Amino acid sequence: MENCPEQQPLFTFGVIADVQYADLDDGYNFTRTRRRYYRTSLQLLKNAVKSWREAAVKPDFILQLGDIIDGFNKSHDASDRALNTVLTEFSSGPAEVHHVWGNHEFYNFSRSALLRSRLNSALNSNRTVNAAPADSDIYAYSFSPVPGFSFIILDGYDVGLLGREESSQKYKDALSLIRQHNHNTDLNCPVFKGLEERYTMFNGGFSKVQLDWLDSVLSSADEKQERVTIVGHLPVHPRSTTPICLAWNYDELLSIIRSHSSVVCFMAGHDHDGGYHRDIKGGVHHLTLEGVIETPPDSNAFATVSVYEDRMELRGCGRVRDRVFRFQQDEGSIINAVTDLQIS
Ligand code: ZN
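Predicted model, so just to flag it, every value in this text is computed and none were measured.

(A) Structural view of the overall build of the protein. On a plain count of helices and strands, the protein comes out with 9 helices and 15 strands. Taking 344 residues into account, the globule formula puts the C-alpha radius of gyration at 20 Å, and the protein, at 19 Å, falls close to it. Overall size of the protein, expressed as C-alpha extent along the three principal axes, is 65 × 40 × 40 Å. Of all 344 residues assigned to the protein, the portion counted as buried reaches 57%.

(B) Local environment of the nonpolar core. If you look at the biggest cluster of nonpolar residues, it comprises 85 residues, and the most contacted ones within it are Phe13, Leu63, Ile230 and Met267. Sequence-distant contacts of Leu63, defined by excluding residues within four places in its chain, comprise Phe13, Gly14, Val15, Ile16, His98, Phe151, Ile153, Val231 and Met267. Within the second largest apolar cluster, 7 residues are counted, among which are Ala174, Ile178, Leu187 and Trp248.

(C) Summary view of the sheet that holds strand S4 (residues 61-64). As summarised here, the arrangement of the 6 strands in space is S5-S4-S1-S13-S14-S15, forming an open sheet in which the pairing is mixed. Of all the strands in the sheet, the pair left with one neighbour each is strand S5 (96-99) and strand S15 (323-326). Taken over all neighbouring pairs, the strand axes of this sheet differ in orientation by 20° on average, direction set aside. Taken together, the 5 bridges between strand S1 (residues 11-16) and strand S13 (residues 301-307) define a ladder with antiparallel strand orientation. Residue pairing in the sheet places Thr12 in a bridge with Ser306 of S13. Contacts from helix H1 (residues 41-54) reach S1, S4 and S13, with the element oriented near 25° to S13. Docked against the sheet, helix H3 (residues 79-91) engages S1, S4 and S5, running at close to 135° with respect to S5.

(D) Summary view of the coordination of the zinc ion. The zinc ion binds to the protein through Asp67 (OD), Asn103 (OD1), His233 (NE2) and His270 (ND1); the donor distances cover 2.1 to 2.2 Å. For the zinc ion, the 4 donor atoms in the first shell make angles of 89 to 163° at the metal, a pattern classed as irregular. Every donor residue of the zinc ion comes from the same chain, spaced as D-x35-N-x129-H-x36-H. A residue pair is termed long-range when its members are at least 10 positions apart, and Asn103 in helix H4 (residues 103-108) and His270 in the loop between strand S10 (263-268) and strand S11 (275-278) qualify at 167 residues. Here Asn103 and His270 have matching classes, each one buried.

(E) Examining the environment of Lys46 more closely. Among the structural elements, Lys46 can be located in helix H1. Residues Lys46 and Phe90, 44 residues apart in the sequence, show an inter-C-alpha distance of 8.2 Å.

(F) Broad picture of the side chain of Ser240. Along the polypeptide, Ser240 turns up in the loop between strand S9 (227-231) and helix H9 (250-258). Exposure remark for Ser240: the relative accessible area of 2% places this residue in the buried category. A distance of 2.8 Å separates a polar atom in the side chain of Ser240 from the backbone oxygen of His237. For Ser240, the contacting residues outside a window of four places in its chain are Pro235, Gly275, Tyr276, His277, His286 and Thr288.

(G) Molecular detail of unusual backbone geometry. Backbone geometry at Gln20 places phi at a positive 45°, although glycine is not the residue there. Mapped onto the secondary structure, Gln20 falls in the loop between S1 and strand S2 (27-28). Backbone geometry places His270, a non-glycine residue, at a positive phi of 75°. Note on His270: relative accessible area 8%, which makes it buried.

(H) Focus on the packing of aromatic side chains. Evaluated as defined, the whole model comprises 19 aromatic pairs. Ring centres 4.0 Å apart and planes at 15° place the aromatic pair Trp101 and Tyr139 in the stacked group. With Trp101 in the loop between S5 and H4 and Tyr139 in the loop between strand S6 (130-131) and strand S7 (141-146), this residue pair connects regions lying 38 residues apart in the sequence. Each member of the pair, Trp101 together with Tyr139, is buried. Through successive ring pairs, a cluster of aromatic residues spans Phe11, Phe13, Phe61, Trp101, Phe106, Tyr139, Tyr141, Phe143, Phe149, Phe151, Tyr157 and Phe327. Sitting above the plane of the Tyr308 ring, Arg311 keeps its charged end 4.0 Å from the centroid.

(I) Structural view of the sheet that holds S10. Judged by pairing direction, the sheet is mixed, and its 7 strands sit side by side in the order S6-S7-S8-S9-S10-S12-S11 without closing on themselves. Lying at the two open borders of the sheet, with one neighbouring strand each, are S6 and S11. Looking at chain direction, S11 and strand S12 (residues 285-288) are connected through 4 bridges and run antiparallel. Its bridge partner lying in S12, His277 is registered against His286.

Each value, and the rule that gives it
- Residues numbered from 1 in each chain as written.
- Predicted model: local features only at pLDDT ≥ 70, side-chain atom pairs only at ≥ 80, totals over all residues.
- Heavy atoms only, no water.
- Helix = DSSP H or I, 4+ residues; strand = E, 2+ residues; numbered from the N terminus.
- Rg over C-alpha atoms; globule rule 2.2 N^0.38 Å.
- Buried < 20%, exposed > 50% of the residue type's maximum accessible area, 1.4 Å probe, protein only.
- Core = buried A, V, L, I, M, F, W, Y, C linked by side-chain atoms within 4.5 Å.
- Contact = heavy atoms within 4.5 Å.
- Pairing = 2+ DSSP bridges.
- Axes fitted to C-alpha atoms, helices over the stretch in contact; angles between N-to-C directions.
- Donors = N, O, S within 2.8 Å, 3.2 Å for Na, K, Ca; no water.
- Tetrahedral: all angles 85-135°; square planar, octahedral: opposite > 155°, others 65-115°.
- Polar contact = N/O pair within 3.5 Å; in protein donor to acceptor, adjacent residues only side chain to side chain.
- Phe/Tyr/Trp six-rings, centres within 6.5 Å; stacked < 30°, edge-to-face > 60°.
- Lys NZ or Arg CZ within 6 Å of the ring centre and 35° of its normal.

Right under this line is the structure:
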(Lines give C-alpha, C1' and ligand atoms only; values in the text may rest on other atoms or scores of the structure.)
Protein backbone atom coordinates (compact mmCIF):
# COMPACT_ATOMS: atom_id res chain seq x y z
CA MET A 1 0.00 0.00 0.00
CA GLU A 2 2.73 2.44 0.96
CA ASN A 3 4.20 2.11 -2.56
CA CYS A 4 0.95 3.26 -4.20
CA PRO A 5 1.31 6.82 -5.46
CA GLU A 6 -1.68 9.05 -4.79
CA GLN A 7 -4.04 8.84 -7.75
CA GLN A 8 -4.14 12.00 -9.84
CA PRO A 9 -7.55 13.21 -11.01
CA LEU A 10 -8.21 13.45 -14.76
CA PHE A 11 -9.31 17.03 -14.14
CA THR A 12 -10.93 19.15 -11.44
CA PHE A 13 -13.53 21.92 -11.42
CA GLY A 14 -14.97 24.39 -8.93
CA VAL A 15 -18.64 24.93 -8.14
CA ILE A 16 -20.49 27.74 -6.35
CA ALA A 17 -24.18 28.73 -6.14
CA ASP A 18 -26.42 31.69 -5.31
CA VAL A 19 -23.84 34.38 -4.50
CA GLN A 20 -26.69 36.94 -4.81
CA TYR A 21 -24.37 39.83 -4.12
CA ALA A 22 -25.73 43.32 -3.46
CA ASP A 23 -24.06 46.25 -1.69
CA LEU A 24 -26.78 46.19 0.99
CA ASP A 25 -27.06 45.45 4.70
CA ASP A 26 -28.18 41.95 5.71
CA GLY A 27 -31.83 41.12 5.16
CA TYR A 28 -34.16 38.15 5.32
CA ASN A 29 -35.86 35.79 2.90
CA PHE A 30 -39.53 36.15 1.96
CA THR A 31 -40.81 34.30 5.04
CA ARG A 32 -38.25 36.05 7.29
CA THR A 33 -36.86 32.73 8.51
CA ARG A 34 -33.39 32.97 6.94
CA ARG A 35 -30.81 35.73 7.15
CA ARG A 36 -29.31 36.91 3.85
CA TYR A 37 -25.78 38.29 3.81
CA TYR A 38 -25.93 40.48 0.70
CA ARG A 39 -22.66 42.36 1.18
CA THR A 40 -20.46 39.68 2.75
CA SER A 41 -21.41 37.17 0.06
CA LEU A 42 -18.68 38.94 -1.95
CA GLN A 43 -16.10 37.99 0.67
CA LEU A 44 -17.22 34.36 0.47
CA LEU A 45 -16.83 34.49 -3.31
CA LYS A 46 -13.32 35.92 -2.80
CA ASN A 47 -12.55 33.01 -0.44
CA ALA A 48 -13.67 30.51 -3.08
CA VAL A 49 -11.66 32.12 -5.88
CA LYS A 50 -8.56 32.33 -3.66
CA SER A 51 -8.87 28.65 -2.78
CA TRP A 52 -9.12 27.68 -6.48
CA ARG A 53 -6.24 30.00 -7.38
CA GLU A 54 -3.98 28.52 -4.73
CA ALA A 55 -4.98 24.86 -5.23
CA ALA A 56 -2.14 22.41 -5.99
CA VAL A 57 -4.22 21.11 -8.90
CA LYS A 58 -5.89 24.13 -10.51
CA PRO A 59 -9.50 23.66 -11.57
CA ASP A 60 -10.04 23.47 -15.34
CA PHE A 61 -13.22 25.55 -15.06
CA ILE A 62 -15.72 26.89 -12.54
CA LEU A 63 -19.49 26.27 -12.57
CA GLN A 64 -21.52 29.22 -11.27
CA LEU A 65 -25.00 27.80 -10.64
CA GLY A 66 -27.02 31.02 -10.99
CA ASP A 67 -28.31 34.00 -9.00
CA ILE A 68 -24.90 35.66 -9.17
CA ILE A 69 -26.33 39.05 -8.03
CA ASP A 70 -29.50 39.81 -6.07
CA GLY A 71 -32.70 41.23 -7.57
CA PHE A 72 -32.57 44.17 -5.15
CA ASN A 73 -29.79 45.63 -7.30
CA LYS A 74 -32.40 46.48 -9.91
CA SER A 75 -34.36 48.82 -7.63
CA HIS A 76 -31.09 50.51 -6.60
CA ASP A 77 -30.07 50.98 -10.23
CA ALA A 78 -26.99 48.94 -9.37
CA SER A 79 -27.36 45.87 -11.60
CA ASP A 80 -24.40 46.61 -13.89
CA ARG A 81 -22.18 47.74 -11.03
CA ALA A 82 -22.91 44.63 -8.94
CA LEU A 83 -22.39 42.33 -11.92
CA ASN A 84 -19.10 44.01 -12.67
CA THR A 85 -18.00 43.53 -9.04
CA VAL A 86 -18.65 39.77 -8.99
CA LEU A 87 -17.29 39.15 -12.49
CA THR A 88 -14.09 41.01 -11.57
CA GLU A 89 -13.71 38.58 -8.66
CA PHE A 90 -14.27 35.57 -10.89
CA SER A 91 -11.80 36.89 -13.46
CA SER A 92 -9.04 36.85 -10.83
CA GLY A 93 -9.52 33.08 -10.63
CA PRO A 94 -7.47 30.41 -12.38
CA ALA A 95 -10.04 29.24 -14.92
CA GLU A 96 -12.96 30.23 -17.09
CA VAL A 97 -16.42 30.34 -15.54
CA HIS A 98 -19.53 28.68 -16.96
CA HIS A 99 -22.52 30.72 -15.82
CA VAL A 100 -26.00 29.31 -15.27
CA TRP A 101 -28.96 31.73 -15.26
CA GLY A 102 -31.30 31.84 -12.25
CA ASN A 103 -34.35 33.93 -11.36
CA HIS A 104 -32.19 36.78 -10.03
CA GLU A 105 -30.43 37.17 -13.39
CA PHE A 106 -33.89 37.88 -14.86
CA TYR A 107 -34.85 40.32 -12.06
CA ASN A 108 -31.85 42.38 -13.16
CA PHE A 109 -31.71 41.85 -16.92
CA SER A 110 -33.95 40.91 -19.83
CA ARG A 111 -33.32 37.67 -21.67
CA SER A 112 -32.10 39.54 -24.75
CA ALA A 113 -29.66 41.57 -22.60
CA LEU A 114 -28.39 38.38 -20.92
CA LEU A 115 -27.81 36.73 -24.29
CA ARG A 116 -25.48 39.60 -25.23
CA SER A 117 -23.81 39.79 -21.81
CA ARG A 118 -20.73 38.32 -20.16
CA LEU A 119 -23.10 35.86 -18.46
CA ASN A 120 -23.55 34.13 -21.83
CA SER A 121 -20.72 31.63 -21.44
CA ALA A 122 -21.58 29.87 -24.71
CA LEU A 123 -20.48 33.11 -26.44
CA ASN A 124 -17.48 33.82 -24.24
CA SER A 125 -15.96 30.38 -23.64
CA ASN A 126 -12.55 29.57 -25.09
CA ARG A 127 -13.77 26.01 -25.53
CA THR A 128 -15.74 24.53 -28.38
CA VAL A 129 -19.36 24.49 -27.29
CA ASN A 130 -22.38 22.75 -28.76
CA ALA A 131 -25.22 25.24 -28.33
CA ALA A 132 -28.99 24.75 -28.37
CA PRO A 133 -30.67 25.49 -31.73
CA ALA A 134 -29.40 28.85 -33.00
CA ASP A 135 -32.86 30.01 -34.09
CA SER A 136 -34.09 29.72 -30.47
CA ASP A 137 -33.27 32.11 -27.64
CA ILE A 138 -32.55 29.22 -25.28
CA TYR A 139 -29.38 29.49 -23.20
CA ALA A 140 -28.21 25.88 -23.17
CA TYR A 141 -25.00 24.29 -24.39
CA SER A 142 -22.58 21.45 -23.81
CA PHE A 143 -18.81 21.25 -23.68
CA SER A 144 -16.24 18.53 -23.16
CA PRO A 145 -13.25 19.49 -20.97
CA VAL A 146 -11.55 16.11 -21.46
CA PRO A 147 -12.39 13.32 -23.95
CA GLY A 148 -14.98 11.03 -22.37
CA PHE A 149 -16.56 13.70 -20.17
CA SER A 150 -19.22 16.30 -21.00
CA PHE A 151 -21.05 19.04 -19.16
CA ILE A 152 -24.43 20.42 -20.20
CA ILE A 153 -25.68 23.82 -19.05
CA LEU A 154 -29.51 24.03 -19.03
CA ASP A 155 -31.92 26.96 -19.22
CA GLY A 156 -34.52 26.56 -16.45
CA TYR A 157 -36.46 29.67 -17.48
CA ASP A 158 -36.88 28.84 -21.14
CA VAL A 159 -40.56 28.40 -20.23
CA GLY A 160 -41.43 31.05 -17.66
CA LEU A 161 -42.59 34.56 -16.92
CA LEU A 162 -39.20 35.99 -15.98
CA GLY A 163 -37.14 37.68 -18.67
CA ARG A 164 -39.90 37.40 -21.28
CA GLU A 165 -41.72 40.36 -22.83
CA GLU A 166 -45.31 40.39 -21.58
CA SER A 167 -46.52 40.87 -25.15
CA SER A 168 -44.72 37.72 -26.36
CA GLN A 169 -46.46 34.42 -27.08
CA LYS A 170 -43.97 32.61 -24.83
CA TYR A 171 -44.98 34.83 -21.88
CA LYS A 172 -48.69 34.24 -22.58
CA ASP A 173 -48.18 30.46 -22.84
CA ALA A 174 -46.22 30.37 -19.56
CA LEU A 175 -48.89 32.48 -17.83
CA SER A 176 -51.64 30.15 -18.94
CA LEU A 177 -49.61 27.14 -17.75
CA ILE A 178 -48.89 28.57 -14.28
CA ARG A 179 -52.52 29.74 -13.93
CA GLN A 180 -53.69 26.12 -14.26
CA HIS A 181 -51.89 25.37 -10.99
CA ASN A 182 -51.63 28.63 -9.06
CA HIS A 183 -54.68 30.85 -8.54
CA ASN A 184 -53.04 33.38 -6.22
CA THR A 185 -53.01 37.04 -7.21
CA ASP A 186 -49.31 37.18 -6.40
CA LEU A 187 -47.74 34.40 -8.47
CA ASN A 188 -44.67 34.47 -6.23
CA CYS A 189 -46.91 32.92 -3.55
CA PRO A 190 -47.19 29.16 -3.94
CA VAL A 191 -50.27 27.03 -3.44
CA PHE A 192 -49.39 24.80 -0.53
CA LYS A 193 -50.22 21.44 -2.08
CA GLY A 194 -47.06 19.32 -2.12
CA LEU A 195 -45.37 19.22 -5.53
CA GLU A 196 -47.81 21.86 -6.84
CA GLU A 197 -45.80 24.40 -4.80
CA ARG A 198 -43.31 24.55 -7.66
CA TYR A 199 -45.68 26.60 -9.81
CA THR A 200 -44.47 30.03 -8.80
CA MET A 201 -43.13 32.89 -10.83
CA PHE A 202 -39.59 32.47 -9.48
CA ASN A 203 -39.41 29.02 -11.07
CA GLY A 204 -39.71 27.98 -14.69
CA GLY A 205 -39.28 25.04 -17.00
CA PHE A 206 -37.87 23.54 -20.18
CA SER A 207 -39.47 23.84 -23.63
CA LYS A 208 -39.91 20.92 -26.01
CA VAL A 209 -37.17 22.42 -28.20
CA GLN A 210 -34.74 22.33 -25.28
CA LEU A 211 -35.80 18.84 -24.16
CA ASP A 212 -35.40 17.49 -27.71
CA TRP A 213 -31.97 19.11 -27.97
CA LEU A 214 -30.94 17.60 -24.62
CA ASP A 215 -32.22 14.19 -25.68
CA SER A 216 -30.13 14.29 -28.86
CA VAL A 217 -26.97 15.47 -27.05
CA LEU A 218 -27.40 12.63 -24.54
CA SER A 219 -28.00 10.03 -27.28
CA SER A 220 -24.71 11.00 -28.85
CA ALA A 221 -23.01 10.88 -25.41
CA ASP A 222 -24.47 7.40 -24.81
CA GLU A 223 -22.96 6.19 -28.09
CA LYS A 224 -19.57 7.61 -27.17
CA GLN A 225 -19.92 6.17 -23.63
CA GLU A 226 -19.24 9.57 -22.11
CA ARG A 227 -19.87 10.62 -18.49
CA VAL A 228 -22.23 13.58 -18.50
CA THR A 229 -22.89 16.09 -15.72
CA ILE A 230 -25.95 18.29 -16.27
CA VAL A 231 -26.02 21.70 -14.62
CA GLY A 232 -29.02 23.98 -14.08
CA HIS A 233 -30.33 26.53 -11.59
CA LEU A 234 -33.47 24.60 -10.64
CA PRO A 235 -33.32 21.12 -9.06
CA VAL A 236 -35.23 18.39 -10.93
CA HIS A 237 -35.43 15.56 -8.40
CA PRO A 238 -38.09 16.03 -5.68
CA ARG A 239 -35.87 14.29 -3.12
CA SER A 240 -32.91 16.61 -3.72
CA THR A 241 -34.83 19.75 -2.69
CA THR A 242 -38.13 21.12 -1.37
CA PRO A 243 -41.09 21.23 -3.81
CA ILE A 244 -41.08 25.04 -3.86
CA CYS A 245 -37.68 25.03 -5.62
CA LEU A 246 -38.37 22.40 -8.31
CA ALA A 247 -38.51 23.15 -12.04
CA TRP A 248 -42.09 23.22 -13.35
CA ASN A 249 -41.66 20.18 -15.64
CA TYR A 250 -38.97 18.48 -13.56
CA ASP A 251 -40.69 15.15 -14.33
CA GLU A 252 -40.04 15.46 -18.07
CA LEU A 253 -36.40 16.30 -17.49
CA LEU A 254 -36.02 13.44 -15.03
CA SER A 255 -37.45 10.93 -17.50
CA ILE A 256 -34.95 12.06 -20.17
CA ILE A 257 -32.08 11.73 -17.67
CA ARG A 258 -33.30 8.24 -16.73
CA SER A 259 -33.42 7.14 -20.37
CA HIS A 260 -29.71 7.83 -21.00
CA SER A 261 -26.87 5.79 -19.56
CA SER A 262 -24.35 8.62 -20.02
CA VAL A 263 -25.71 10.90 -17.25
CA VAL A 264 -23.86 10.59 -13.94
CA CYS A 265 -24.73 13.78 -12.07
CA PHE A 266 -27.18 16.70 -11.99
CA MET A 267 -26.08 19.86 -10.17
CA ALA A 268 -28.38 22.73 -9.20
CA GLY A 269 -28.59 25.75 -6.91
CA HIS A 270 -31.69 27.86 -6.01
CA ASP A 271 -32.48 25.99 -2.76
CA HIS A 272 -30.08 27.70 -0.37
CA ASP A 273 -30.31 24.85 2.16
CA GLY A 274 -28.82 22.44 -0.38
CA GLY A 275 -29.77 18.79 -0.80
CA TYR A 276 -28.70 15.48 -2.24
CA HIS A 277 -30.37 12.36 -3.52
CA ARG A 278 -29.14 9.45 -5.56
CA ASP A 279 -31.86 8.45 -8.00
CA ILE A 280 -32.83 4.82 -7.55
CA LYS A 281 -33.52 4.63 -11.30
CA GLY A 282 -30.14 4.87 -13.03
CA GLY A 283 -28.07 5.92 -10.03
CA VAL A 284 -27.67 9.56 -11.08
CA HIS A 285 -26.41 11.81 -8.27
CA HIS A 286 -28.64 14.87 -7.78
CA LEU A 287 -26.75 17.55 -5.88
CA THR A 288 -28.29 20.88 -4.82
CA LEU A 289 -25.47 23.11 -3.64
CA GLU A 290 -25.85 25.29 -0.52
CA GLY A 291 -26.22 28.97 -1.40
CA VAL A 292 -23.56 31.56 -0.54
CA ILE A 293 -26.20 34.22 0.22
CA GLU A 294 -27.47 32.45 3.34
CA THR A 295 -24.02 31.43 4.57
CA PRO A 296 -22.67 33.40 7.58
CA PRO A 297 -19.50 35.47 7.01
CA ASP A 298 -17.44 33.15 9.21
CA SER A 299 -18.25 30.11 7.08
CA ASN A 300 -18.07 29.25 3.35
CA ALA A 301 -20.13 27.60 0.61
CA PHE A 302 -18.25 26.27 -2.42
CA ALA A 303 -16.72 23.00 -3.56
CA THR A 304 -13.94 21.59 -5.70
CA VAL A 305 -14.65 18.38 -7.61
CA SER A 306 -11.92 15.94 -8.67
CA VAL A 307 -12.89 13.66 -11.52
CA TYR A 308 -11.54 10.10 -11.91
CA GLU A 309 -12.39 7.29 -14.32
CA ASP A 310 -14.87 5.73 -11.90
CA ARG A 311 -16.04 8.60 -9.67
CA MET A 312 -16.12 12.28 -8.82
CA GLU A 313 -14.93 13.41 -5.40
CA LEU A 314 -16.50 16.64 -4.16
CA ARG A 315 -14.54 18.42 -1.47
CA GLY A 316 -16.79 20.96 0.18
CA CYS A 317 -15.79 24.06 2.07
CA GLY A 318 -17.71 25.51 5.03
CA ARG A 319 -21.26 24.19 5.08
CA VAL A 320 -20.84 22.12 1.90
CA ARG A 321 -20.01 18.58 2.97
CA ASP A 322 -17.64 16.18 1.20
CA ARG A 323 -19.21 13.55 -1.05
CA VAL A 324 -18.13 10.80 -3.45
CA PHE A 325 -20.20 10.31 -6.61
CA ARG A 326 -19.47 6.82 -7.92
CA PHE A 327 -20.43 6.11 -11.51
CA GLN A 328 -23.15 3.51 -11.92
CA GLN A 329 -21.45 1.48 -14.68
CA ASP A 330 -18.59 0.61 -12.38
CA GLU A 331 -20.80 -0.89 -9.71
CA GLY A 332 -22.65 -3.48 -11.77
CA SER A 333 -26.40 -3.48 -11.37
CA ILE A 334 -26.43 -2.90 -7.63
CA ILE A 335 -26.50 0.66 -6.42
CA ASN A 336 -24.20 1.00 -3.49
CA ALA A 337 -26.28 1.71 -0.40
CA VAL A 338 -23.53 3.91 0.94
CA THR A 339 -24.06 6.69 -1.56
CA ASP A 340 -22.41 9.67 -0.06
CA LEU A 341 -19.30 8.54 1.73
CA GLN A 342 -17.24 11.10 3.54
CA ILE A 343 -13.80 11.54 2.03
CA SER A 344 -11.41 10.55 4.77
ZN1 ZN B 1 -32.81 31.10 -7.55
